Every structure is written in structure tokens, then in C-alpha cells.
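# Analysis of the macromolecular model
Read off the chains here:
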Amino acid sequence: MSMKVLIVGPEDLVNITKETAKKYVELELIPVIYDSPSQVVTLIEQHHHLCDILLLTGSAPYLIAKNNWIKRKTEFNKPILYIALTEASIYRVLFKITNDMHMQAKPFSAFSSDYTESEFRKCLDDLEISSIHMFIKDSIIGVNTDELTSFHYQLWKENKVQSVITAYYAVYQQLLKLGVPVYRLDLSKSSIENTLQRVLLEGKRMHQAKNQIAVSYLGFHDPNHADYRTAEFEQMIESYGEEVLAVIDWTEEGYLRFVTTREEIEKNTKQFKEMAILQDIEHAFKIVTYLGIGFGHTPREAELKAHDAMMKAKSTREASCYIVEIDGKVYGPIGMSTNLNYSSRSGNAELLLIAKKAGISIGTLNKLISFCEQSGTTKLTTVDLSIGFGITLRSARRILSNLERHNFAKIIGEEQPINKGRPRQIYKLTLQL
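From a predicted model like this one, the values you see are computed outputs, not experimental measurements.

Now for the overall build of the chain. A count of helical and extended segments in the chain gives 16 helices and 18 strands. The C-alpha radius of gyration computed for the chain amounts to 28 Å, which surpasses the reference 22 Å derived for 433 residues by more than 25%, pointing to a less compact arrangement than a globule. When its C-alpha atoms are laid out on the principal axes, the chain stretches across 95 × 55 × 35 Å. Relative to its full complement of 433 residues, the chain shows a buried share of 47%. Here the contacts in the chain between residues at least 6 apart in sequence split such that 61% fall between residues at least 24 apart. Counting every atom, the chain has about 22400 Å² of accessible surface; 50% of that belongs to carbon and sulfur. In the chain, which carries 51 positive and 52 negative side-chain charges, the distance between the mean positions of the two groups comes to 5 Å.

Tracing the backbone shows Ser191 in helix 8 (residues 189-210). Within the local environment of Ser191, its side chain forms a polar contact with the backbone oxygen of Ala84, the two atoms lying 2.6 Å apart. Not counting the four nearest positions on each side in its chain, Ser191 is found in contact with Ile83, Ala84 and Thr86.

This next bit is on empty space enclosed by the protein. A complete count under the given rule lists 1 cavity of 30 Å³ or more for this structure. Considering only enclosed or pocket space, the largest cavity measures out at about 210 Å³ in volume. Contributing to the lining of the largest cavity are 22 residues, with Thr57, Gly58, Ala60, Ala167 and Tyr168 lying nearest its centre. Elements with a contribution of two residues or more to the lining of the largest cavity: helix 3 (59-71) and helix 7 (169-177). The biggest single contributor to the lining of the largest cavity is helix 3, with 3 residues. For the lining of the largest cavity, the residue count by class is 15 nonpolar, 4 polar and 3 charged.

We now examine the packing of aromatic side chains. The relation between two aromatic rings is expressed through the spacing of the ring centres and the mutual angle of the planes. For the structure on display, the rule yields 12 aromatic pairs. Each ring, one from Phe220 and one from Trp250, has its centre 6.1 Å from the other, and the planes form 15 degrees; the classification is stacked. In this pair, Phe220 is assigned in strand 9 (residues 213-220) and Trp250 in strand 10 (residues 247-250), connecting sequence segments 30 residues apart. On the accessibility criterion, Trp250 (26% relative accessible area) is partly exposed. With a centroid separation of 5.2 Å and an interplanar angle of 85 degrees, the aromatic rings of Tyr240 and Phe258 are classed as edge-to-face.

To continue, consider helix 14 (residues 362-375). Spanning 14 residues, helix 14 covers 20 Å between terminal C-alpha atoms, matching the ideal 20 Å at 1.5 Å per step. For helix 14, a buried count of 10 out of 14 residues is recorded, marking the element as mostly surrounded by other parts of the structure. Residues of helix 14 that are buried include every one of Ile362, Gly363, Leu365, Asn366, Lys367, Leu368, Ile369, Ser370, Phe371 and Cys372, and no others. A positive backbone phi angle near 80 degrees is found at Gly376, which sits one or two residues after helix 14.

Definitions and cut-offs
- Residues numbered from 1 in each chain as written.
- Predicted model: local features only at pLDDT ≥ 70, side-chain atom pairs only at ≥ 80, totals over all residues.
- Heavy atoms only, no water.
- Helix = DSSP H or I, 4+ residues; strand = E, 2+ residues; numbered from the N terminus.
- Rg over C-alpha atoms; globule rule 2.2 N^0.38 Å.
- Buried < 20%, exposed > 50% of the residue type's maximum accessible area, 1.4 Å probe, protein only.
- Contact = heavy atoms within 4.5 Å.
- Areas by Shrake-Rupley, 256 points an atom, 1.4 Å probe, with all protein chains shown as cover.
- Lys, Arg positive; Asp, Glu negative; His and termini not counted.
- Charge placed at Lys NZ, Arg CZ, Asp CG, Glu CD.
- Polar contact = N/O pair within 3.5 Å; in protein donor to acceptor, adjacent residues only side chain to side chain.
- 1 Å grid on protein atoms, 1.4 Å probe; cavity = no way out; pocket = protein on both sides within 12 Å on 5 of 7 lines; lining within 4 Å.
- Points joined across faces, edges and corners; volume = space filled by probe spheres on them.
- Nonpolar A, V, L, I, M, F, W, Y, C, P; charged D, E, K, R; others polar.
- Phe/Tyr/Trp six-rings, centres within 6.5 Å; stacked < 30°, edge-to-face > 60°.
- Expected span 1.5 Å × (residues − 1).

Take it as geometry only, folks, not as evidence of what the structure does.
Structure representation (C-alpha cells):
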């Protein structure tokens, strides 16, 4: 198994990681160098197609990338990991400065840094050092290396600090040119080793996932429709089966069953974002179908998950598709504007208690949380919930009424429909999402 890993970071940290990774023959590292973390999003967009896994050299570029995807309401569809700075890196740089100051017969009394103050404080407390003064500019999000350089340089010029500790290569290089005693917070070998081990495990998980069995059930909201047994319909189904490399048969219950692999489903749906076959059938034959897809290590396991997914799709009374993972995680309705990603299970005791009190399933509660996160608001009406969940107004009203009755939601106002009709109550969820 060979995994292509795109490693994105400053030149020095990328080189250290590449050197450490030489013994991991399963990993092929593809280096992408930046001068500033602000370039990370553009570089990922330009090069991510080259890799299976994305690896960033630090939390700053990781948080910048993640924050960008959240703002754009998009999801990066490949595993992304980062190598974290650890206490070992801080201890090493503090020891180095102390040693250098001792060589100059000077006490170490003050420094500036652009890394997290709490981490420095913890290390200094562990070393039982209270005499060193810190000037910290925490800049994990929205890094501007010119501003950081100016911050450190001004403090040094005013003799407020003896040295600078920076987490940024560009700042390090600029301060060196200005003659400032600057030290680089680099990655410890143990942190790199641990992260590369996680990359290997993630690669193995991906390999196993791609080889999972996928079973799909295609059902018909009107099973007596005259066109679904025609030669033209059969041809469309065969074409879809060829696209996903599936074995196709009819079940005794009147469903079309497709058996293929997870990898083919991921490719066909563009990572669970599209499901064109349902719209194609409805457009060509005026047949409204629903599709449930399940994954499993065995055919039986995949069948059970596919059945669960089909029941969710069938309940919408529309052309919809749901996918259920081995662990119970649900995606759907696939291809619609409200493509939710939630779990039908939970180990969260607080959420389980809320679901029990409100008389709804934990799957419904997780789905509601996913809906609010995707829409960016905790305010909604029964119409919003009905459309978002693909359920009847009556069912949406029951869910919100139950939550409101048990103080997990409250009515904060009304809105008047554009057409004539009763005003709709606006609910605000009071759950801690």
C-alpha cells in the first residue's frame, strides 16, 4: 500500500519531516513550500488532487484552512492532519536561550513570542521559573508575518526583550536580517514520528474503507407505475450499474438491488454530494424513486445498513437518497441543498438525555444539530424543518413542540407567509450546539 501525502509548510519544517519520513516506505511525500501561512489555502486548492492525505506542519496553517472551509460552507474531502508543536519544542528553545545568555554572562530576563502564552507559562511553571517576562502576540488565525516581525523588532529596539521566539519561518528570516537574536520553534522528532504513524493508520483505514461492500436498494413511491419495467428503463438502470461496476438484481419485495464497493459509490456521488440517477429517472419516465445505500465489511452488514438508508429515503415521499455508514453515520438527502451529515448513534450522555426527555430519537436530534450547523442559525420554523428534513409539516411541528415543551426550544416570534395563511411560529433552539 503506497499513500501519497501532500506536506504543506515552510521549507525548514517540510525538510525535517521529509528526512524523518524516509524510513516510512509506504508514504510518498509531496512537498509544497509556503513563505507565509496565509498562502496555505491557495496552495492546497492547487495541489490537493495530487495526494491521498494532506499533512500540515503546524496548527496555524491547519486552522487557517479549516476556518476557510467553514466560512465557505464546504468540506475538504480528504483526510487532513497536522504536526503539532509540543512542550519538547518549547523546553528546547528555552534551554538554548538560557545557555546562550549564560555564555554572554547575562541573565535571561525577557523575550517576545508569537506562540500561545499558556503553553509558555506551563513550561516555565514546570521549570519553576518566575523571573522571565513574556511579551506575547498570539496570531494563530489571520497571520500577518510583517506585523509579527514589526512587533518583535520594536520590542527588541526598545530593549524590552533580549530575544525573540517565533513559530514562523518568514518572521525568523526577517529578524535574522535585522540582527535580532531570534530563535525558531521547530517540530520535535517525536511529534513528527507520532503524526507520521497517524498518517499510516489513516491510510490503512482509507484502504479498508475503499474495499467495503456497498449495497443499494432502489424503490418506487408508485410501485404500479407502468414504465418501470420497460426496455428504456432497464437500459438506464444497466447504464447506471456499469457506471458503479455493480451487480444488479430484483428482490422479492420489488426493489432493485445494486452490489458494488464503497470506492465506486464515492466516485459516482462525488464524495456523497450528488445522486443524478434519481433525477434522471424522474425526468425521463416521471417515476419518483428513492435510494438507500449501506456499507459493510460483509454483504449482510451492508444489506442491513442499506435497508436502514432506504427506509429514511422512502419516508420523504420524494426522489431522495440516504447513505448509512458501518458506524451508523447518516448522509442525506444526497444531492439536495440540505445534504445533512449526522449519526444515528451517540455516546454523549447529555444528548441522550435530551432526546429521551423530548421523546425523539438520538438520530433525529443529531440530524437537527447538523441542520442548524449547516444553515448557520438556531432559529427555524416548522416549514424550515419540514423542507430540511424532507418530512411532513405535522412531523416537523411535533419535533419542535416536544423540544419547546421540555425547554429545549422557545418561541421567539412569528412570520407571515407570502401567500395567505396563518402566521408561522419561529422557534429558537436552546440546546448547547
